[in-house]
Amino acid sequence: MNDLKSKFLEVYSALKSELLHDPAFEFTDVSRQWVERMLDYNVPGGKLNRGLSVIDSYQLLKDGKELTDEEIFLASALGWCIEWLQAYFLVLDDIMDNSQTRRGQPCWYRLPKIGMIAVNDGIVLRNHIPRILKKHFRGKPYYVDLLDLFNEVEFQTACGQMIDLITTLEGEKDLSKYSIPLHHRIVQYKTAYYSFYLPVACALLMAGENLENHIDVKNDDYLDCFGHPDVIGKIGTDIEDYKCSWLVVKAMELSNEEQKKLLHENYGKEDPTSVAKVKELYNTLNLQGVFEEYESKSYEKLISSIEAHPSKAVQAVLKSFLAKIYKRQK
């Protein structure tokens with residue numbers, strides 16, 4: 001795997017170099033250095049799971065046959081397009097959420113001299129994707145499908161971000177509006193399509209498959225397992241930001257009147273005492289345990305729906321994803 005990761009990172013350097021010498025724009029030294037620093041800060045950080053999954057998935061679709069160097073390069077390039085897409089979303093999301101840190105370092109817009117230039121950097125990141133696709137996939141029969149796929153998933157993600165933001169508007173301080181179906185919708189559109197469906201769909205297209213025949217890969221069940229990065233240890237600022245998280249929805253469901261009152265009074269407040277009260281209630285309600293039980297039930301359900309899939313290779317792809325997600329949460 002590490003060998004694959006180092007090959008994957010080599011492809012990043014190659015793509016970066018192409019973008020920094022893109023003939024469509026006359027770079028100056030200063031602008032080239034700016035873009036390079038911006039890319040290095042925002043694109044290759046993180047675990048690279050989404051990008052690496054394209055290569056894994058493609059290999060499984062080829063029944064584990066040894067991939068040629070060209071296949072590895074192309075699958076890696078598509079994987080990097082997903083990482084570029086994610087970087088674009090995160091740079092802009094952090095500004096919208098007024099976040100401080102991302103992946104353990106200050107958010108890009110928080111760095112000295114960056115500020116709102118980060119908005120344009122996000123747009124540049126977004127525009128790198130079609131440049132990469134054009135350079136490496138223009139002659140491929142699935143080129144148009146790739147463009148369509150990235151456009152559609154970006155649209156779904158932006159709409160997911162919209163419902164996330166408008167759900168948490170200041171004026172809507174009514175927790176009873178939050179429900180599991182609403183939480184699912186936000187996660188499905190905002191996170192799951194680009195994190196799960198997009199890498200699988202890229203691999204399917206490269207393998208010559210028609211996405212119309214694989215509609216079921218968009219099945220909510222799979223997407224749902226992405227829904228819970230917000231288990232107790234990783235709450236982030238969900239409580240302060242009045243987010244519609246799985247935890248708060250579940251807490252509302254399980255609380256008695258007095259506990260509901262505590263939630264209404266403390267959820268969405270900035271001060272640490274309120275946040276601590278909410279976390280304490282989460283522990284009292286044993287939400288960690290409730291979550292683990294929910295997780296193992298949804299795991300069983302998923303395995304059986306995957307095993308109903310006609311293609312053994314696609315089953316293998318979906319199962320390898322599932323293993324990654326569950327490993328990630330343990």
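Anyway, here's the lowdown on the structure attached to this text.

About the cut-offs
Residues numbered from 1 in each chain as written. Predicted model: local features only at pLDDT ≥ 70, side-chain atom pairs only at ≥ 80, totals over all residues. Heavy atoms only, no water. Helix = DSSP H or I, 4+ residues; strand = E, 2+ residues; numbered from the N terminus. Rg over C-alpha atoms; globule rule 2.2 N^0.38 Å. Buried < 20%, exposed > 50% of the residue type's maximum accessible area, 1.4 Å probe, protein only. Contact = heavy atoms within 4.5 Å. Areas by Shrake-Rupley, 256 points an atom, 1.4 Å probe, with all protein chains shown as cover. Lys, Arg positive; Asp, Glu negative; His and termini not counted. Charge placed at Lys NZ, Arg CZ, Asp CG, Glu CD. Salt bridge = Lys/Arg side-chain N within 4 Å of Asp/Glu carboxyl O. Bend = angle between axes of the 7 residues up to and from the residue. Polar contact = N/O pair within 3.5 Å; in protein donor to acceptor, adjacent residues only side chain to side chain. Phe/Tyr/Trp six-rings, centres within 6.5 Å; stacked < 30°, edge-to-face > 60°.

Another aspect to go through is the overall build of the chain. Summing up its helical and strand segments, the chain has 13 helices and two strands in all. In summary, the chain has a C-alpha radius of gyration of 21 Å against a globular reference of 20 Å for 330 residues, a match within 12%. With the C-alpha coordinates aligned to their principal axes, the bounding extent of the chain is approximately 65 × 55 × 30 Å. Counting all 330 residues of the chain, 50% fall into the buried class. Across the chain, the fraction of contacts at a sequence separation of at least 24, relative to all contacts at a separation of at least 6, is 75%. Working note: accessible area of the chain is about 16200 Å², and carbon and sulfur atoms make up 54% of it. When the 40 positive and 49 negative side-chain charges of the chain are each reduced to one mean point, those points stand 2 Å apart.

A side chain with one charge may pair with a side chain of the opposite charge, provided their charged atoms come close. In total, this model carries 14 salt bridges according to the counting rule given. Measuring nitrogen to oxygen at the nearest pair gives 2.8 Å for the salt bridge that ties Arg102 to Asp94. Look at Arg102 and you get partly exposed, because its relative accessible area is 30%. Between Glu253 and Lys250 there is a salt bridge, and its shortest N-O distance comes to 2.9 Å. Note that Glu253 and Lys250 are positioned in helix α9 (residues 246–254) at a spacing of three residues, about one turn of the helix. Residues participating in the shared-partner salt-bridge network are Lys16, Glu36 and Asp40.

At Ala192, helix α7 (residues 180–206) shows its maximal kink, close to 65 degrees. One or two steps after α7, the chain reaches Gly208, where phi turns positive at roughly 85 degrees.

Moving on to the side chain of Asp93. In this fold, Asp93 is placed in helix α4 (residues 69–96). It turns out Asp93 is buried and unbridged, and the closest side chain with the opposite charge, Lys190, is 4.3 Å from it. Polar side-chain contacts of Asp93 include one of 3.1 Å to the side chain of Gln161. With residues up to four places along the chain from it excluded, the contact list for Asp93 reads Gln161 and Lys190.

This part is about the packing of aromatic side chains. Here the structure, examined in full by the defined rule, presents 18 aromatic pairs. Seen from their ring centres, Tyr12 and Trp84 are 5.7 Å apart, and the 40 degrees between their planes marks the pair as tilted. Here Trp84 lies in helix α4 and Tyr12 lies in helix α1 (residues 2–20), a separation of 72 residues in the sequence. Judged by relative accessible area, which is 5%, Tyr12 ranks as buried. Connected via pairs of aromatic rings, a cluster forms that spans Phe8, Tyr12, Trp80 and Trp84.

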